[in-house]
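Spelled out, the chains give:
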Amino acid sequence: MSEREERRFVEIPRESIRLMAESTGLELSDEVAALLAEDVCYRLREATQNSSQFMKHTKRRKLTVEDFNRALRWSSVEAVCGYGSQEALPLRPAREGELYFPEDREVNLVELALATNIPKGCAETAVRVHVSYLDGKGNLAPQGSVPSAVSSLTDDLLKYYQQVTRAVLGDDPQLMKIALQDLQTNSKIAALLPYFVYVVSGVKSVSHDLEQLHRLLQVARSLVRNPHLCLGPYVRSLVGSVLYCVLEPLAASINPLNDHWTLRDGAALLLSHIFWTHGDLVSGLYQQILLSLQKVLADPVRPLCSHYGAVVGLHALGWKAVERVLYPHLSTYWTNLQAVLDDYSVSNAQVKADGHKVYGAILVAVERLLKMKAQAAESRRGGPGVRGCRRPDDLPWDSLLLQESPSGAGTEPGFGSGLLLPPGSVGPEDPSPSVTLADIYRLYAFFGDSLATRFGTGQPAPTAPRPPGDKKEPAAATDSVRKMPQLTASAMVSPQGDDTRDVFQRSRFAPRGAPHFRFIKFQTAFPAPHGPSPASRYVEKLPMWALSDNSLYLPL
Amino acid sequence: MRRLRRSRRRCGQARSLKEPPTLLLRKQGTALARSDGGTTNNGPNGGSEKRCERASSVSRDGETPKPVIAVSTVVPARAAPVPAAVPEVSAPHDRQTLLAVLQFLRQSNLREAEEALRREARLLEEAVAGSGAPGEADGTGAEAASALLSRVTASAPGPAAPDPPSTGASGVVTVSGSASGTAAPGKVGSVAVEDQPDVSAVLSAYNQQGDPAMYEEYYSGLKHFIECSLDCHRAELSQLFYPLFVHMYLELVYNQHENEAKSFFEKFHGDQECYYQDDLRVLSSLTKKEHMKGNETMLDFRTSKFVLRISRDSYQLLKRHLQEKQNNQIWNIVQEHLYIDIFDGMPRSKQQIDAMVGSLAGEAKREANKSKVFFGLLKEPEIEVPLDDEDEEGENEEGKPKKKKPKKDSIGSKSKKQDPNAPPQNRIPLPELKDSDKLDKIMNMKETTKRVRLGPDCLPSICFYTFLNAYQGLTAVDVTDDSSLIAGGFADSTVRVWSVTPKKLRSVKQAADLSLIDKESDDVLERIMDEKTASELKILYGHSGPVYGASFSPDRNYLLSSSEDGTVRLWSLQTFTCLVGYKGHNYPVWDTQFSPYGYYFVSGGHDRVARLWATDHYQPLRIFAGHLADVNCTRFHPNSNYVATGSADRTVRLWDVLNGNCVRIFTGHKGPIHSLTFSPNGRFLATGATDGRVLLWDIGHGLMVGELKGHTDTVCSLRFSRDGEILASGSMDNTVRLWDAIKAFEDLETDDFTTATGHINLPENSQELLLGTYMTKSTPVVHLHFTRRNLVLAAGAYSPQ
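Here is what the cut-offs are and how they apply
Residues numbered from 1 in each chain as written. Chains lettered and ligands numbered in written order. Predicted model: local features only at pLDDT ≥ 70, side-chain atom pairs only at ≥ 80, totals over all residues. Heavy atoms only, no water. UniProt positions renumbered as here; feature names shortened; annotations may be inferred. Helix = DSSP H or I, 4+ residues; strand = E, 2+ residues; numbered from the N terminus. Buried < 20%, exposed > 50% of the residue type's maximum accessible area, 1.4 Å probe, protein only. Contact = heavy atoms within 4.5 Å. Areas by Shrake-Rupley, 256 points an atom, 1.4 Å probe, with all protein chains shown as cover. Salt bridge = Lys/Arg side-chain N within 4 Å of Asp/Glu carboxyl O. Expected span 1.5 Å × (residues − 1). Bend = angle between axes of the 7 residues up to and from the residue. Pairing = 2+ DSSP bridges. Axes fitted to C-alpha atoms, helices over the stretch in contact; angles between N-to-C directions. Core = buried A, V, L, I, M, F, W, Y, C linked by side-chain atoms within 4.5 Å. Domains from an automatic or database assignment. Phe/Tyr/Trp six-rings, centres within 6.5 Å; stacked < 30°, edge-to-face > 60°.

Where an unreviewed UniProt entry is consulted, chain B appears under the name Transcription initiation factor TFIID subunit 5, with the organism given as Loxodonta africana. Regarding chain B, the relevant UniProt record gives this comment under Sequence similarities (unreviewed entry): "Belongs to the WD repeat TAF5 family." Turning to chain B, the UniProt annotation filed under Subcellular location (unreviewed entry) states: "Nucleus".

UniProt annotates chain A under Sequence similarities (unreviewed entry) with the comment "Belongs to the TAF6 family." Taken verbatim from the UniProt record of chain A, the Subcellular location (unreviewed entry) comment is "Nucleus".

### A look at the overall build of chain B
Of the regular secondary structure elements, chain B holds 30 helices and 29 strands. The buried share of chain B, taken over its 801 residues, is 58%. In chain B, the share of contacts with a sequence separation of at least 24, taken over all contacts with a separation of at least 6, comes to 63%. Surface exposure of chain B reaches about 32,900 Å², of which carbon and sulfur atoms provide 52%.

### Some remarks on the overall build of chain A
Summing up its helical and strand segments, chain A has 25 helices and four strands in all. With 556 residues in all, chain A has 47% of them scored as buried. Within chain A, contacts between residues at least 6 apart in sequence are counted, and of these 69% link residues at least 24 apart. A total of about 28,400 Å² of accessible surface is found on chain A, and carbon and sulfur atoms cover 58% of it.

### Digging into the pattern of salt bridges
Residue and element names in this part refer to chain B. On inspection of all chains with the given rule, the structure shows 44 salt bridges over all chains. The residue D656 makes a salt bridge to R427 at a minimum N-O spacing of 2.5 Å. Taken together, the residues D656 in strand β18 (residues 651-656) and R427 in the loop between α24 (401-416) and α25 (435-449) connect sequence positions 229 residues apart. The class for D656 is buried, based on a relative accessible area of 3%. Measuring nitrogen to oxygen at the nearest pair gives 3.2 Å for the salt bridge that ties R611 to D607. Residue class for D607 comes out buried when judged on its relative accessible area of 0%.

### Structural notes on helix α15 (residues 319-342) of chain A
With 24 residues, α15(A) extends just 29 Å between its outermost C-alpha atoms, more than 12% less than the 34 Å of an ideal straight helix rising 1.5 Å per residue. The largest bend in α15(A) amounts to roughly 60 degrees and is located at A:L330.

### A short note on the sheet that holds strand β20 (residues 673-678) of chain B
Residues and elements named next belong to chain B. Taking strand neighbours across the sheet as the criterion, the four strands line up as β20-β21-β22-β23 in an open arrangement whose pairing is antiparallel. Bordering the open sheet on either side are β20 and β23 (703-708), each of which pairs with just one other strand. Along the sheet, successive strands turn relative to each other by an average axial angle of 25 degrees, direction set aside. Pairing analysis gives five bridges linking β20 to strand β21 (residues 684-689), with the strands arranged antiparallel. What sits directly across from S675, in β21, is G688.

### Thoughts on the nonpolar core
Within the largest apolar cluster, 87 residues are counted, with the highest numbers of intra-cluster contacts made by A:L183, A:L314, A:L326, A:L337 and A:I362. A domain split of this core shows at least three residues from each of domain 2 (157-277) and domain 3 (284-379 + 439-450) of chain A. Once residues within four sequence positions are removed from consideration, A:L314 is found in contact with A:L290, A:L293, A:L297, A:A321, A:V322, A:V325 and A:L326. Membership of the second largest hydrophobic core comes to 46 residues, among which are B:L250, B:F268, B:L283 and B:I330.

### With respect to the packing of aromatic side chains
According to the stated counting rule, one finds 32 aromatic pairs over all chains in the structure shown. Taken together, a centroid distance of 5.1 Å and an interplanar angle of 50 degrees make the contact between A:W334 and A:Y359 tilted. Taken together, the positions of A:W334 in helix α15 and A:Y359 in helix α16 (residues 349-381) put the pair 25 residues apart, joining distant regions of the chain. The buried category is assigned to A:Y359, whose relative accessible area is 1%. Seen in terms of ring centroids, B:F467 and B:W498 are 5.4 Å apart; in terms of plane orientation they differ by 80 degrees. Their pairing is edge-to-face. One end of the pair, B:F467, is in strand β3 (residues 462-468); the other, B:W498, is in strand β6 (residues 495-499), and 31 residues separate them in sequence. The residues B:F467 and B:W498 share a single accessibility class, namely buried.

### As for the environment of B:A476
All names here are of chain B. With respect to the helices, strands and loops of the structure, A476 is situated in strand β4 (residues 474-479). Considering only alpha carbons, one finds A476 and Y548, 72 residues apart in sequence, at a separation of 5.5 Å. If sequence neighbours within four positions are ignored, A476 has contacts with A487, G488, G489, V547, Y548, G549, A550 and V782.

### Section: unusual backbone geometry
For A:S76, which is not glycine, the phi torsion reads 60 degrees and is therefore positive. Looking at the element boundaries, A:S76 is found in the loop between α4 (65-74) and β1 (91-93). Looking at A:S76, the relative accessible area reads 29%, which means it is partly exposed. Of note in the backbone geometry, B:S778 takes a positive phi value of approximately 35 degrees without being a glycine. Residue position: B:S778 is located in the loop between β27 (770-775) and β28 (783-786).

### Some points on the UniProt feature "repeat: WD" (unreviewed entry) in chain B
What UniProt calls "repeat: WD" (unreviewed entry) maps, in this numbering, to residues 467-508, 540-575, 582-613, 624-665, 666-699 and 708-740 of chain B. Spanning residues 666-699 of chain B, this segment combines 0% helix with 56% strand, and its end C-alpha atoms are found 9 Å apart.

Take a look at the structure:
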């Protein structure tokens with residue numbers, strides 16, 4: 001040992017020994033004190049050395065007072081009591097300096113005995129298993145993440161958890177509201193997060209109960225909106241639960257009276273919300289969601305309500321999602337849907353009704369896609385001012401749409417449900433769209449004018465019926481921007497609808513008789529659609545669309 | 001502090017009084033051990049082996065259940081060295097002076113004066129008798145006397161009768177003879193002479209007492225010589241530094257040259273290899289003769305011989321140098337305290353030496369690892385596997401019912417073949433298989449067919465059992481072979497057993513309730529279980545100190561636990577009560593393990609011995625003594641015929657259960673060994689130590705065959721996969737590492753030359769063998785287990801920093 005290392009050893013000066021001796025009434029000579037001091041040091045070192053063995057066998061890296069006491073005991077020395085605390089004893093300097101002593105405060109036993117806040121017992125030792133590495137590869141959820149939550153779960157938190165779950169799933173709407181509100185704002189419930197996530201994942205077991213599903217989704221929404229919670233790895237689980245509500249053929253949907261459509265719409269909105277706010281937490285989440293939506297859409301065996309969910313989900317995720325997944329898939333999907341819609345048998349009635357829902361949802365999704373595309377194209381061309389430069393090979397209604405879109409963006413901000421981007425930002429964000437606007441116009445091959453009609457519905461100003469002079473739709477191609485909505489509006493209100501039907505006939509060869517009547521019905525139901533959210537609007541509107549469009553034939 | 005000292009002494013008395021009848025025996029045993037050690041001149045290992053052989057030889061016939069109870073009285077080995085070094089009450093000073101005077105008289109041929117003085121001091125008669133008798137002033141006599149001086153405390157005047165003068169011819173022998181009295185050492189003494197041929201010539205002019213001031217000079221002289229020697233010799237001779245340094249230092253301390261000792265230490269401790277740091281730290285705190293009495297580490301040094309392996313060339317070189325320089329001080333130490341194992345041939349390289357050294361008492365002697373070890377597996381009993389309905393159904397589901405049969409046959413035929421390296425089936429009496437054991441074996445076979453074949457491309461999944469809220473008190477873990485139960489030993493003296501399957505732990509009902517049961521009913525075995533108290537956790541109370549070891553019996557009916565309170569307890573997993581407390585260690589018991597066939601178990605502890613027990617005997621059947629420090633871990637060989645122990649003296653030993661002999665000593669670890677495991681085929685042993693290294697050993701050849709570097713802290717647990725393809729190691733550094741065992745054992749250097757010389761060349765391939773490092777979150781990996789389908793279960797207590 002070098003000199004400095006030498007000093008690592010405890011050295012007890014002989015003065016201390018003499019002092020201790022004096023305190024017991026003994027007088028020691030210098031020589032004896034020196035010898036004793038040296039011996040004491042050695043014994044201490046020896047005991048320390050021996051105590052390390054106890055530390056090693058307890059699989060610790062820290063030598064504790066207990067280890068030392070054990071070593072003393074095995075050397076038949078009385079253990080030193082009173083130093084068993086886990087925390088290090090603070091040493092305080094005496095006023096004279098040079099002298100340090102451990103703080104030893106007096107404990108008021110009376111106070112302690114009468115104290116009301118009796119410390120709770122330690123948590124029970126438990127074993128938890130966790131698959132740490134699957135086939136030698138790491139598990140994504142870090143080991144210990146749950147344990148740390150478990151270990152820090154106090155009684156209060158547990159009570160909170162019970163109260164909140166009871167309130168949310170209970171009968172009192174007022175209580176539920178409060179509970180959800182608190183979930184949304186409470187900053188101290190991080191430890192309970194896994195539990196609530198687990199509760200939300202309970203959607204899978206209550207798929208027969210729409211009410212419960214709604215409430216669980218609300219819990220999820222509250223959790224997502226709580227700014228104090230770091231969802232971290234739980235995003236995945238939440239997304240899974242929400243997707244379940246969006247996509248699965250819920251047991252509740254067997255009964256046609258159940259309005260599971262609203263649930264799916266709400267879940268889809270929540271999904272997009274989670275994605276927009278927490279998507280960065282999980283890499284590849286967007287891709288995963290798209291993939292699962294696509295899978296459902298591409299699976300013809302799935303019931304139509306699942307397809308509906310997939311479409312509204314895509315719509316909620318934004319027009320790009322629609323473009324990437326729905327658009328390329330549409331041509332194949334359309335055939336299937338059409339087959340359903342064309343079956344007039346009584347046994348098919350329910351399925352057909354569902355098919356109309358899907359149709360409507362697709363329509364809404366595609367509509368926005370078109371709008372955004374048009375907008376993007378417009379802004380690339382140098383702004384809305386250039387109206388005249390139509391391409392010669394454009395479809396007849398091309399110009400209408402082109403001209404309509406800027407005004408749409410300007411006048412109806414509500415329709416895009418917040419996802420509408422200002423025209424300027426669309427261009428740079430999507431500099432080379434995989435699908436050109438012209439391509440997308442092929443959509444009209446499917447939807448024909450019902451798409452065009454949709455553009456009109458959102459227009460708040462021109463809802464009033466127009467004079468029949470505007471009927472000439474083909475001629476309107478060269479007309480001003482306003483014409484298109486006017487036209488459609490008139491088409492809708494027109495009791496006869498003959499003129500409109502002309503337009504329709506371009507793309508579909510529908511029998512003329514029935515639609516007339518149905519259009520009237522549509523008309524009567526129309527005022528309702530201006531709901532707060534597009535999703536709820538579909539719900540109101542879609543039955544009508546179903547009725548009005550069941551006569552459509554596809555040109556394919 | 002006086003009280004401290006006094007109480008220490010008192011404790012010594014108390015301890016010896018605890019077992020008064022054995023006191024006498026123990027002394028004898030000690031004497032025996034010492035005499036063996038001294039006369040055979042084979043150092044610590046030989047001595048203790050002898051001791052344990054003697055101890056167990058009573059039951060040579062191998063009927064294990066007949067316990068060698070005599071053994072247990074032979075001693076806690078810990079006690080052995082103590083009396084040897086304890087000086088008698090008479091002042092050693094006086095005796096030393098007397099001896100010095102006598103020596104002087106003899107050298108000056110003043111016979112009469114010498115005789116007179118001797119008569120005066122009758123006390124010393126016997127001691128000097130041996131050497132005095134011949135009366136010639138030739139070197140031997142003088143040397144003997146001086147040897148006496150150096151060991152004056154050892155030659156306690158006792159029953160030792162005057163030795164026959166004939167033995168006086170060999171001085172060394174006399175010395176040890178005087179201590180033992182019962183030894184007949186003549187012939188063994190000659191062995192020593194044979195080993196070091198020209199001893200007497202070198203010794204002729206040596207002066208034991210030596211000037212303390214000269215020690216530094218001697219040492220630096222030797223140092224200079226070794227550093228200037230040829231490269232090939234330098235590495236070998238450098239091995240001398242450490243033992244010489246320690247012995248010279250101790251001699252200085254012993255002769256109470258405190259200041260010289262201190263300066264000697266300060267001057268030369270820096271030259272020593274880094275892996276001796278821990279011992280040096282102990283050494284440096286030792287500055288008083290009185291302190292040496294109680295310091296076990298140092299007692300080992302004085303009473304056992306440090307073993308060095310040196311080529312003949314290097315040895316000759318050293319001898320010549322010492323002769324030339326008349327450096328008797330050093331030569332005396334070499335002679336007295338070192339055992340130099342000389343071999344012919346090329347000197348070893350530094351790497352070769354470094355791989356093998358590091359233990360407390362040097363390397364193992366080559367002879368120590370020469371005996372035959374039956375490392376093969378026992379033939380499995382043939383069990384007709386009934387293709388019961390359930391099984392067939394399962395097969396039909398898989399759609400290939402025919403495939404199963406040949407498979408089963410192959411398993412059967414494998415076990416039918418007798419392994420040429422296996423011990424005779426009945427070498428150790430093993431318990432007969434019960435019906436339940438057979439059922440379990442069948443289950444095992446079924447699982448085996450579904451086992452994952454592991455390899456570098458197919459790594460196992462790892463499940464981690466985290467002990468929560470253990471407050472850093474988890475000290476031991478064990479998992480049953482079928483992975484259905486997990487037991488934890490805790491620092492709060494409890495043992496807790498968890499069921500890790502949905503099946504809860506049920507105990508048998510109370511006697512009163514049992515009497516109500518209809519004993520004729522078919523499901524009586526089901527009815528006796530108490531459903532009300534069923535739980536997934538049962539706590540076993542009984543120990544009065546931290547539980548350091550736990551082990552399930554193979555049939556899952558029992559659990560063993562070893563504790564700081566010095567006992568091993570056997571618990572029933574039917575009633576969850578303690579059945580037996582095995583007392584014998586008297587000091588903390590660090591580890592215990594059931595034999596793979598049940599019935600026997602082994603324990604090892606702070607008293608430096610491992611004990612073999614049978615569950616139905618309250619005293620041990622064998623005592624495996626020989627380690628120089630605590631036995632930290634104990635493991636049974638898969639064939640149950642051998643026991644491996646890892647110790648704080650940095651050696652691993654393999655013991656024969658049949659006769660208690662130490663059949664292998666493995667050196668090479670640089671820190672206390674804390675984990676051991678045998679490969680499933682019984683050929684290899686893996687050991688892990690505090691230095692973070694895992695070493696692999698070939699048991700048959702007695703060689704180190706691999707070194708796995710990677711862990712940064714103590715390796716607490718080791719386990720081979722069920723087929724031995726993967727070695728998993730768990731450490732205090734919060735990682736599990738997987739190693740390619742097949743590759744590690746692939747091309748072994750087990751040619752005749754390597755086997756004969758024991759010179760090994762380890763490839764530096766740790767990185768290639770490491771298949772994966774898996775982090776836990778601040779959870780030291782205390783235990784590892786491979787399920788029957790090769791899923792890794794790891795366990796440890798979550799210990800937030």
